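# Architecture and fold: a report
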Amino acid sequence: MTSTKKKISSPVCFLDGFTLRHGVVLGGRCGVWRVRSGGQIWHVWEEDLFTSPAGARAVLNKLVG
């Protein structure tokens, strides 16, 4: 995701180990974004955020084999 596409309250996906999580962007800076997911706040690197579950699943499938 590029910085210009991220907005507060934008839905995103990210990988937590081998778990695909969905969340909402709360804000960020210096390449690290705060994401609310499942009642928790996660700090996620910009390159680990996905705008669609399909993109995150494709990366996960490459990791798993």
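What you are looking at is a predicted structure, and each value in this text was computed from that prediction instead of being measured. Within each chain, residue numbers correspond to sequence positions counted from 1 in written order. Note on the predicted model: pLDDT of at least 70 is required for a residue's local features to be given, and 80 or more for side-chain atom pairs to be given and counted; whole-chain, interface and lining totals, by contrast, use all residues. Working from all heavy atoms in the structure, the side-chain values ignore hydrogens and water.

### Overview of the overall build of the protein
What counts, and what does not: Strands are runs of DSSP state E lasting at least 2 residues, helices are runs of H or I lasting at least 4, and numbering of each runs from the N terminus. A radius of gyration in this sense is built from C-alpha atoms; the matching globule rule multiplies 2.2 Å by the number of residues raised to 0.38. Each residue is placed in one exposure class: buried if its accessible area under a 1.4 Å probe, protein chains only, is under 20% of its type's maximum, exposed if it is over 50%, and partly exposed if it falls in between.
Scanning the protein from N- to C-terminus turns up one helix and five strands. In sequence order, the protein lays out its α and β elements as β-β-β-β-β-α. For 65 residues, the compact-globule estimate of 2.2 N^0.38 gives 11 Å, and the C-alpha radius of gyration of the protein, at 11 Å, lies within 12% of that figure. Overall, the C-alpha framework of the protein stretches about 35 × 25 × 20 Å when taken along its three principal axes. Out of the 65 residues belonging to the protein, those deemed buried represent 26%.

### A short note on a nonpolar patch on the surface
As a reminder of what qualifies: The patches reported here contain residues having more than 30% relative accessible area and no salt bridge. Joining distances are 9 Å for like charges and 5 Å for nonpolar side chains (Val, Leu, Ile, Met, Phe, Trp, Tyr). Note that accessible areas follow from Shrake-Rupley with a 1.4 Å probe, and for residues the cover is restricted to the protein chains shown. Any Lys or Arg side-chain nitrogen found within 4 Å of a carboxyl oxygen on Asp or Glu counts as a salt bridge.
A surface patch of nonpolar side chains, amounting to about 420 Å² of accessible area, comprises Phe18, Val59, Leu63 and Val64. As for its position among the elements, Val64 is in helix α1 (residues 53–64). A relative accessible area of 62% places Val64 in the exposed class.

### A closer look at the pairing of strand β4 (residues 40–45)
Threshold: DSSP bridges decide pairing: two strands pair if at least two such bridges lie between them.
Relative to β4, strand β3 (residues 32–37) runs antiparallel, the two being bridged by six bridges. Looking at the pairing, Val35 lines up with Trp42 of β4. Between β3 and β4, which pair antiparallel in sequence order, lie two residues; one of them, Gly38, sits at a positive phi of approximately 60°.

### Concerning the nonpolar core
Here is the rule: What we call a nonpolar core is a set of buried Ala, Val, Leu, Ile, Met, Phe, Trp, Tyr and Cys residues that are connected through their side-chain atoms within 4.5 Å. Throughout, a contact is declared for two residues whenever any of their heavy atoms are within 4.5 Å.
Grouped together as the largest cluster of nonpolar side chains are seven residues: Val12, Phe14, Val25, Trp33, Val35, Val44 and Leu49. Looking at this core, the elements that each hand over two or more residues are β1 (11–16) and β3. In this structure Val35 touches Val12, Phe14, Gly23, Val24, Gln40, Ile41, Trp42, Val44 and Leu49, once residues within four positions along its chain are discounted.

### Observations concerning the packing of aromatic side chains
Each aromatic ring pair is specified by the distance between its two centres and by the angle formed by the two planes. Note the following rule: Ring geometry is summarised as follows: Phe, Tyr and Trp rings, the Trp one being its six-membered ring, pair when their centres sit within 6.5 Å, and such pairs are stacked at plane angles under 30 degrees, edge-to-face over 60 and tilted between the two.
Counting across every chain of the model gives one aromatic pair. Aromatic pair Phe14 and Trp42: ring centres 5.7 Å apart, planes at 55°, arrangement tilted. Highlighted residues: Phe14 in strand β1 and Trp42 in strand β4, separated in sequence by 28 residues. For Phe14, a relative accessible area of 2% corresponds to the buried category.

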